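Chain by chain, the residues:
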Amino acid sequence: MAAQKVVISKDLKADLQAFFASMSYDKLFILTDTNTQEKCYPLIKDIPALQDTPVITVQAGDTHKDIEQVAYIWSRLSNEGASRNSLLVNLGGGMITDMGGFAGATFKRGLRTVNIPTTLMASVDAAVGGKTGINFNGLKNEVGSFYPPECVFIDCEFLRTLDRDNLLSGYAEMIKHALISSMDIYASVLLFDLDAKIDYAFLNRMVAQSVAVKERIVEEDPKEHGIRKALNFGHTIGHAYESLSFKKDRPLLHGHAVAAGIVSELYLSHKVCGFPMEKLSQVVYYLKEYYPAFVFDCKDYDTLYELMTHDKKNEAGIINFTLLSQVGDVQINQQVSKEKILESLDFYRESFGV
Ligand SMILES: NC(=O)c1ccc[n+]([C@@H]2O[C@H](COP(=O)([O-])OP(=O)(O)OC[C@H]3O[C@@H](n4cnc5c(N)ncnc54)[C@H](O)[C@@H]3O)[C@@H](O)[C@H]2O)c1
Ligand SMILES: O=C(O)C(=O)C[C@@H](O)[C@H](O)[C@H](O)COP(=O)(O)O
Ligand SMILES: [Zn+2]
């Protein structure tokens, strides 16, 4: 799998124009959702290379990261003359980069994609690394492919219109990157005051530091045979919380679900791998300060456990967790008793007063 190029842009329009001028393609298409069409497309639409470019717009929100919208993207591409030599530019958050990446991977067996992330989540995580996909059968990312974009252009200027809940959502993946990488990164991420007025230039540097953690891991293990499972820390339980929230019609943002998953999986890390209690308390304290509680009760435990049995890291029916024995010390393929898993759900509820 070819390594993708990640550009932390200081002059997005110039970088994009130079990139498109350097590429050979027959047609260009832009994919947005309703919000990114209104708030983000105007920031790039006067680039010469984007003149007369068809814009394909889908509904916003993760509940629309589904096969119906992929079919809509396929039909627009098909009806408007896309070929395997066309480019699909995904302009949006992780929902758009995941779904556009998947539509691009499958249309005529693959046309090239370019990601321009517009949320913090997509800038630090979703737009990079080549995991594409859609939700299916009530499960997160149940159908997808590894299909890296040609290039990713990151510019935190887009984040000026992003609401606080979505900023927090992306920040949860930065906390994950901190926990799986090093004490230095962990310290800088946990010191960041999310209530202060945001300095976007500083945030850009934090994003660069965070996405570099992901890039290093993906380069080593692009298809998640081993160490890439580190990037899935917090997600075995986090995705179960997220899917449960969809079932209950109270959809959690992905990063909020991951924050809750981190709490439960740090508890398991403490119990199974000796992750220090003092760090566990520090992270829970930070997350409690900023993230809303996800309300569920013990009647939901069977559903949550069943959802975990669908996790993509599992093998032969066994749930494989990624856990930590220390900040930066990742233990993959960890098996945990059902009793302890349910205890980790209790731990989340007790910590968040649910
Ligand atoms: N492939 C991966 O490696 C990976 C990694 C992390 C997350 N994900 C996936 O990413 C998705 C979540 O991504 P997300 O958090 O970016 O959600 P999202 O794409 O749904 O965006 C969140 C909301 O913000 C709006 N928005 C986007 N950019 C905006 C801007 N600049 N200003 C104002 N509003 C804006 C969107 O329209 C949407 O309503 C989930 O589906 C998750 O599973 C994938
Ligand atoms: O890039 C990865 O690898 C990740 O696991 C990053 C996660 O933050 C992301 O949510 C990913 O989409 C989860 O993948 P899945 O394989 O658990 O569906
Ligand atoms: Zn994630």
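- If you check an unreviewed UniProt entry, the protein chain appears there as 3-dehydroquinate synthase from Parabacteroides merdae.
- The UniProt entry for the protein chain carries the following comment under Pathway (unreviewed entry): "Metabolic intermediate biosynthesis; chorismate biosynthesis; chorismate from D-erythrose 4-phosphate and phosphoenolpyruvate: step 2/7."
- One UniProt comment on the protein chain, placed under Subcellular location (unreviewed entry), says "Cytoplasm".

1. Some details on the coordination of the zinc ion (ligand 3)
Note on metal sites: the ideal angle is 109.5 degrees for four tetrahedral donors, and 90 or 180 degrees for six octahedral donors.
Point 1. Taken together, Glu173 (OE), His235 (NE2) and His254 (NE2) make up the full set of protein donors to the zinc ion (ligand 3), lying 2.0 to 2.1 Å away.
Point 2. Read in sequence order, the donor residues coordinating the zinc ion (ligand 3) give the pattern E-x61-H-x18-H. Of this pair, Glu173 sits in helix α6 (residues 164-181) while His254 sits in helix α10 (residues 254-273), placing them 81 residues apart in sequence. In this structure, Glu173 and His254 share a single accessibility class: buried.

2. Notes on the domain arrangement of the protein chain
Point 1. By the assigned domains, the protein chain splits into domain 1 (3-159) and domain 2 (165-196 + 231-350).
Point 2. Inter-centroid distance (C-alpha atoms) of domain 1 to domain 2 is 28 Å.
Point 3. The interface is formed by 12 residues belonging to domain 1 together with 18 residues belonging to domain 2.
Point 4. When domain 1 packs against domain 2, close to 1300 Å² is buried across both sides, 66% of that on carbon and sulfur atoms.
Point 5. The largest share of the area that domain 1 buries against domain 2 comes from Leu120, Met121 and Lys140, three residues that together contribute 41% of it.
Point 6. At the boundary of domain 1 with domain 2, the tally comes to two salt bridges.
Point 7. Its salt-bridge partner being Glu242, residue Lys140 comes within 3.0 Å of it at the nearest N-O pair.

3. Notes on helix α1 (residues 12-22)
Point 1. Among the residues making up α1, those that are buried are Leu12, Leu16, Phe19 and Phe20. What you see down the axis of α1 is that its buried residues fit within an arc of 95°, all on one side. The exposed residues of α1 that point more than 90 degrees off its buried face are Ala21 and Ser22.
Point 2. Check the buried side of α1 and you find it contacts β2 (28-33), β4 (87-92), β5 (112-117) and β8 (151-154).

4. Points about the side chain of Thr36
Point 1. Within the fold, Thr36 resides in helix α2 (residues 34-39).
Point 2. Its relative accessible area of 6% is what places Thr36 among the buried residues.
Point 3. Excluding residues within four positions of it along the chain, Thr36 makes contact with Tyr41, Leu91, Gly92, Gly93 and Thr118.

5. Focus on the site of ligand 2
Point 1. Around ligand 2 lies a shell of 14 residues, among which Asp125, Lys214, Arg228, Asn232 and Lys312 are the nearest.
Point 2. The separation between an oxygen atom of ligand 2 and a polar side-chain atom of His254 is 3.0 Å.
Point 3. The protein chains hide 92% of the 440 Å² of surface that ligand 2 would expose on its own.
Point 4. Counting only elements with at least two residues in the shell around ligand 2, the list comes to α6 and α9 (235-247).
Point 5. A breakdown of the residues in the shell around ligand 2 according to their chemical character gives one nonpolar, five polar and eight charged.
Point 6. Two domains each donate at least three residues to the shell around ligand 2, and these are domain 1 (3-159) and domain 2 (165-196 + 231-350).

6. As for the UniProt feature "domain: 3-dehydroquinate synthase C-terminal" (unreviewed entry) in the protein chain
Point 1. In the UniProt entry, the feature "domain: 3-dehydroquinate synthase C-terminal" (unreviewed entry) is given for residues 170-314.
Point 2. For residues 170-314, the helix share is 67%, the strand share is 0%, and the end-to-end C-alpha distance is 25 Å.

7. Section: the pattern of salt bridges
Point 1. Applying the stated criterion across every chain yields a total of 16 salt bridges.
Point 2. A salt bridge links Asp46 to Lys13, with the shortest nitrogen-to-oxygen separation between them at 3.1 Å. Of this pair, Asp46 sits in the loop between α2 and β3 (55-58) while Lys13 sits in helix α1, placing them 33 residues apart in sequence.
Point 3. Judged by relative accessible area, which is 35%, Lys13 ranks as partly exposed.
Point 4. With its nearest N and O atoms 3.0 Å apart, the salt bridge here joins Asp195 to Arg164. One end of the pair, Asp195, is in the loop between α7 (183-191) and α8 (200-220); the other, Arg164, is in helix α6, and 31 residues separate them in sequence.
Point 5. Here Asp195 falls in the exposed class, since its relative accessible area comes to 53%.
Point 6. The exposure class assigned to Arg164 is partly exposed, which follows from its relative accessible area of 40%.
Point 7. In the salt-bridge network here, residues are joined through shared partners; they are Asp125, Glu173, Lys176 and Lys214.

8. A few points about the confidence of the model for the protein chain
Point 1. Summing up the model confidence of the protein chain, the mean pLDDT is 96 and the portion of residues at 70 or higher is 99%.
Point 2. Confidence estimates for the predicted assembly give a pTM of 0.98 and an ipTM of 0.99.

9. Describing the packing of aromatic side chains
Point 1. As enumerated under the stated definition, the model contains 15 aromatic pairs in all.
Point 2. Between the aromatic rings of Tyr171 and Phe192, the centroid separation amounts to 5.5 Å while the plane-to-plane angle is 20°, which identifies the pairing as stacked. Of the two residues, Tyr171 is situated in helix α6 and Phe192 in the loop between α7 and α8; the sequence distance between them amounts to 21 residues.
Point 3. Of the residues examined, Tyr171 reaches a relative accessible area of 1% and is grouped as buried.
Point 4. Taken together through their ring pairs, the aromatic side chains of Tyr241, Phe294, Phe296, Tyr301, Tyr348 and Phe352 make up a single cluster.
Point 5. For Lys338, the ring lying beneath its charged end belongs to Tyr305, and the centroid distance is 4.5 Å.

Calculation notes
- Residues numbered from 1 in each chain as written.
- Chains lettered and ligands numbered in written order.
- Predicted model: local features only at pLDDT ≥ 70, side-chain atom pairs only at ≥ 80, totals over all residues.
- Heavy atoms only, no water.
- UniProt positions renumbered as here; feature names shortened; annotations may be inferred.
- Donors = N, O, S within 2.8 Å, 3.2 Å for Na, K, Ca; no water.
- Helix = DSSP H or I, 4+ residues; strand = E, 2+ residues; numbered from the N terminus.
- Buried < 20%, exposed > 50% of the residue type's maximum accessible area, 1.4 Å probe, protein only.
- Domains from an automatic or database assignment.
- Contact = heavy atoms within 4.5 Å.
- Buried area = accessible area lost by both parts, 1.4 Å probe.
- Salt bridge = Lys/Arg side-chain N within 4 Å of Asp/Glu carboxyl O.
- Arc of directions from axis to C-beta.
- Near = heavy atom within 4 Å.
- Polar contact = N/O pair within 3.5 Å; in protein donor to acceptor, adjacent residues only side chain to side chain.
- Areas by Shrake-Rupley, 256 points an atom, 1.4 Å probe, with all protein chains shown as cover.
- Nonpolar A, V, L, I, M, F, W, Y, C, P; charged D, E, K, R; others polar.
- pLDDT = per-residue confidence, 0-100.
- Phe/Tyr/Trp six-rings, centres within 6.5 Å; stacked < 30°, edge-to-face > 60°.
- Lys NZ or Arg CZ within 6 Å of the ring centre and 35° of its normal.

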